[in-house]
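Chain by chain, the residues run as shown.
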Amino acid sequence: MSLLMLHDLCIEPVKAITAKVEAQQVIMLMGSSGSGKSRLLYAIADLLPHQGEVKLENQAATTLAPSQWRQKVMLLPSQIEWWYETAEEHFFNPPTAKELQKLNLCLEQLKEPIVNLSTGQKQRLGLLRAINRNPTILLLDEATANLDHENTLAVEAYLKEWVSQENRAIIWISHLPEQVERMADYIWSINEQALTCRTNQEKSNKQLL
Amino acid sequence: MNIQPISVIDLGIAAFLVCILALVNHRTSPQLSKDIFIAMIRLVLQLSLIALVLKYVFAERNILLIGGLGLVMVALAGYEVKNRISTGRTLAGTFWVSSFSMFISSYVICIFCLLTMIKADPWYHPQYAIPLLGMLLGNTLTGVSLSLNRLRDSFKVQRTLIESRLMLGEDIWQATLSQRREAMTSALIPTINSMAAAGIVSLPGMMTGQILAGADPELAVRYQIMIFLLIAAGTGFGTYLATYLGSKQLFDDRERLISL
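Describing a nonpolar patch on the surface
All names here are of chain B. On the surface, Ile63, Leu64, Ile111, Leu115 and Trp123 cluster together to form a nonpolar patch covering roughly 470 Å² of accessible area. At the level of elements, helix 3 (63-84) and helix 4 (94-118) are the ones that each hand at least two residues to the nonpolar patch. By the secondary structure assignment, isoleucine 63 is in helix 3.

And the structure:
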């Protein structure tokens, strides 16, 4: 049984998508802008009306309360929103200095008013906030769009570690070919209204070596 | 104490003042002066009509008639709220959301007051029931309309923020807590302010009317206090219900924000 299954999922303009994601896999999702990548993630998180079915551990989205489903299948949008004064208030269990360090952050930034933080800091804190709520699947919409190279690599390392534990998986929209090569177990691309799936040669070659 | 009668000519003089106002405004804002004029005509026509209806209802003293008149008032109030919503597209449910909220809060409070405080014979005596319901509805209408308007505005402007919270696995009540709180606050502030200013800055209309009509000021004040408290409760509960139903209305069955 796969961790996540998409069955005949229809979102404009893409035709019926049937695909599966196994535990501990990273799927990199590619496609030109307007091809429906973001809409696909929104549909998987059940935030966009769609036809077809999404199942997590053989449980259909519609059998769970919407909030329960979205807690398990969590979408992290490219634009991160904050509603309290400081980042810390958004966490159920605020992260430790050690955990923050992995993403080049520190405790002071957690207590700083959000408006004083840079876009890149907010993006990394947004990732921590999502993971803090303990999702099973992470749907990332350009999670490193505002980061420099060093921080991009830190986020990638952090997510590799995260996904390797327990029953977890990531579907990640990225425009960076190097990032796709570094991270992907499988590459999904949306071309001419259809989704195609292939293995990532680079990564599997490396593993063979 | 006897009441000085007011003739139609006296009313005409008062209307003349408003006509001058409309005229003065005409050059800077023709729309405003038109609105003033229409509102004045509506005031005169609606109140003259209600005078006829009240005369009839007072003579009949039929509970069904009084209840029915109340329902007509609720429906008109619901229609008014629906028309006052300025943001986004018109939703079919808005009339029902507002009418239901106003119906529950004003009917329950009105009946409660008639039975426990006024205790007229019969308890539904139209002399008390109709003005009480009217004042409750009028104020609840303002509150409900303010809260629904505010809710619409903030749901539209803060759409991505609410969606972000939904993405983190929050349900619609957690995700819209601050928007609902703001809507409640903006709806109740006029009521709170008028309670706080009563007697110092302003003399409340109902009490003034009673005194003008020759009633004992002390009794008039007692009535006014009771009415104020009932209005606060009625507006509060009505607004609470409208905010609840109005929020639910803006999500679909899978808790997604509908487009506004």
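Once you've had a look at it, read on.
Examining the side chain of Ser154(B)
Examined against the element boundaries, Ser154(B) turns out to sit in helix 5 (residues 126-157). In this structure Ser154(B) touches Arg159(B), Gln179(B) and Glu182(B), once residues within four positions along its chain are discounted.

Remarks on the layout of surface pockets
Take a probe with the size of a water molecule and roll it over the atoms, and the empty space left behind shows itself. All names here are of chain B. Of the pockets and cavities examined, the largest pocket occupies roughly 1,400 Å³. Here the lining of the largest pocket takes eleven residues from helix 2 (residues 30-60), the largest share from any one element. Summarising the domain contributions, the lining of the largest pocket has at least three residues from each of domain 1 (1-60) and domain 2 (63-249).

Here's the deal with the pairing of strand 1 (residues 4-11) of chain A
Consecutive residues of a regular strand have side chains that alternate between opposite faces of the sheet. Residue and element names in this part refer to chain A. Strand direction decides the pairing type here: strand 1 and strand 2 (residues 14-21), joined by five bridges, are antiparallel. The residue bridging leucine 9 from the neighbouring strand is isoleucine 17, located in strand 2. Hairpin connection, strand 1 to strand 2: the antiparallel pair is bridged by two residues. Taken together, the five bridges between strand 1 and strand 4 (residues 51-56) define a ladder with antiparallel strand orientation. In the strand pairing of strand 4, leucine 6 is matched with valine 54.

A closer look at unusual backbone geometry
Here the amide bond leading from Glu12(A) into Pro13(A) is cis, since omega sits at -5°, within 30 degrees of zero. Residue Pro122(B) is bonded to the preceding Asp121(B) through a cis peptide linkage, with omega at -5°. As for its position among the elements, Pro122(B) is in the loop between helix 4 and helix 5. We note that Glu166(A) has phi near 55°; this positive angle belongs to a residue other than glycine.

A few points about the packing of helix 8 (residues 177-197) of chain B against helix 10 (residues 217-249) of chain B
Residue and element names in this part refer to chain B. Packing of helix 8 against helix 10 leaves a shortest axis separation of 10 Å and a crossing angle of 165°. Put simply, helix 8 runs roughly antiparallel to helix 10. Judged by the sense of rotation from one axis to the other, the crossing of helix 8 with helix 10 is right-handed. Contacts between helix 8 and helix 10 pair Arg180, Ala183, Met184, Ala187, Leu188, Thr191, Ser194 and Met195 from the former with Phe228, Ile231, Ala232, Thr235, Gly236, Thr239, Tyr240, Thr243 and Ser247 from the latter.

Observations concerning the interface of chain A and chain B
In this complex, chain A contributes 24 residues to the contact, which on the side of chain B involves 15 residues. Between chain A and chain B the total buried area reaches about 1,800 Å² when both faces are included, carbon and sulfur atoms providing 55% of it. For chain A, the biggest contributors to the area lost against chain B are Leu47(A), Arg70(A) and Trp83(A); these three give 32% of the whole. Scanning the region where chain A abuts chain B turns up three salt bridges. Elements that contribute at least two residues to the side of chain A that touches chain B include exactly helix 2 (66-72), strand 6 (73-76) and helix 5 (119-132) of chain A. It is helix 2 of chain A that provides the largest number of residues to the side of chain A that touches chain B, a total of four residues. Looking at the side of chain A that touches chain B residue by residue, the classes come out as 15 nonpolar, four polar and five charged.

Structural notes on the pattern of salt bridges
Residues and elements named next belong to chain A. Taken as a whole and judged by the stated rule, the model has twelve salt bridges over all chains. Between arginine 182 and glutamate 156 there is a salt bridge; the shortest N-O distance is 2.6 Å. Of the two residues, arginine 182 is situated in helix 7 (residues 177-183) and glutamate 156 in helix 6 (residues 149-163); the sequence distance between them amounts to 26 residues.

Some points on the sheet that holds strand 7 (residues 137-141) of chain A
All names here are of chain A. Pairing within the open sheet is mixed, and its six strands lie in the order 6-7-8-3-9-10. Of all the strands in the sheet, the pair left with one neighbour each is strand 6 and strand 10 (194-199). Across this sheet, the average inter-strand angle for adjacent strands is 20°, counted without regard to direction. The pairing of strand 7 with strand 8 (residues 169-173) spans five bridges and is classified as parallel. Directly across from aspartate 141, in strand 8, lies its bridge partner isoleucine 173. Most of the contacts of helix 6 go to strand 8, to which it runs at about 150°, and overall it touches strand 3 (26-31), strand 7 and strand 8.

Describing the packing of helix 9 (residues 205-212) of chain B against helix 10 of chain B
Residues and elements named next belong to chain B. Direction vectors running N to C along helix 9 and helix 10 enclose 155°, while the axes themselves pass 9 Å from each other. When the axes of helix 9 and helix 10 are compared, the pair comes out roughly antiparallel. Of the two possible hands of crossing, helix 9 and helix 10 adopt the one that is right-handed. Along the contact surface, helix 9 presents Met206, Met207, Gln210 and Ile211, while helix 10 presents Pro217, Ala220, Val221, Tyr223, Gln224 and Ile227. Residues of the contact of helix 9 with helix 10, tallied by class, amount to eight nonpolar, two polar and no charged.

A few points about the state of the cysteines
Counted according to the given criterion, the structure contains zero disulfides over all chains. Between Cys197(A), a free cysteine, and Cys10(A), which holds the nearest cysteine sulfur, the sulfur-to-sulfur gap is 18 Å. Sulfur of Cys113(B): no disulfide; nearest cysteine sulfur belongs to Cys110(B) and is 6.8 Å away.

A few points about helix 6 (residues 159-167) of chain B
Where burial is concerned, most of helix 6 of chain B is hidden: seven out of the nine residues are buried. Taken together, the buried positions of helix 6 of chain B are Leu161(B), Ile162(B), Glu163(B), Ser164(B), Arg165(B), Leu166(B) and Met167(B). Looking at the buried side of helix 6 of chain B, the elements it contacts are helix 1 (37-44), helix 2 and strand 6 of chain A together with helix 5, helix 7 (172-175) and helix 8 of chain B. Looking one or two residues past helix 6 of chain B, Gly169(B) carries a phi angle of roughly 90°, positive in sign.

Definitions and cut-offs
- Residues numbered from 1 in each chain as written.
- Chains lettered and ligands numbered in written order.
- Predicted model: local features only at pLDDT ≥ 70, side-chain atom pairs only at ≥ 80, totals over all residues.
- Heavy atoms only, no water.
- Patch = residues over 30% accessible without salt bridge, like charges linked within 9 Å, V, L, I, M, F, W, Y side chains within 5 Å.
- Areas by Shrake-Rupley, 256 points an atom, 1.4 Å probe, with all protein chains shown as cover.
- Salt bridge = Lys/Arg side-chain N within 4 Å of Asp/Glu carboxyl O.
- Helix = DSSP H or I, 4+ residues; strand = E, 2+ residues; numbered from the N terminus.
- Contact = heavy atoms within 4.5 Å.
- 1 Å grid on protein atoms, 1.4 Å probe; cavity = no way out; pocket = protein on both sides within 12 Å on 5 of 7 lines; lining within 4 Å.
- Points joined across faces, edges and corners; volume = space filled by probe spheres on them.
- Domains from an automatic or database assignment.
- Pairing = 2+ DSSP bridges.
- Axes fitted to C-alpha atoms, helices over the stretch in contact; angles between N-to-C directions.
- Parallel < 35°, antiparallel > 145°, perpendicular 65-115°, else oblique.
- Left-handed = near helix turned anticlockwise from the far one by under 90°.
- Buried area = accessible area lost by both parts, 1.4 Å probe.
- Nonpolar A, V, L, I, M, F, W, Y, C, P; charged D, E, K, R; others polar.
- Disulfide = S-S within 2.5 Å.
- Buried < 20%, exposed > 50% of the residue type's maximum accessible area, 1.4 Å probe, protein only.

The values reported here are purely geometric and, on their own, carry no functional implication.
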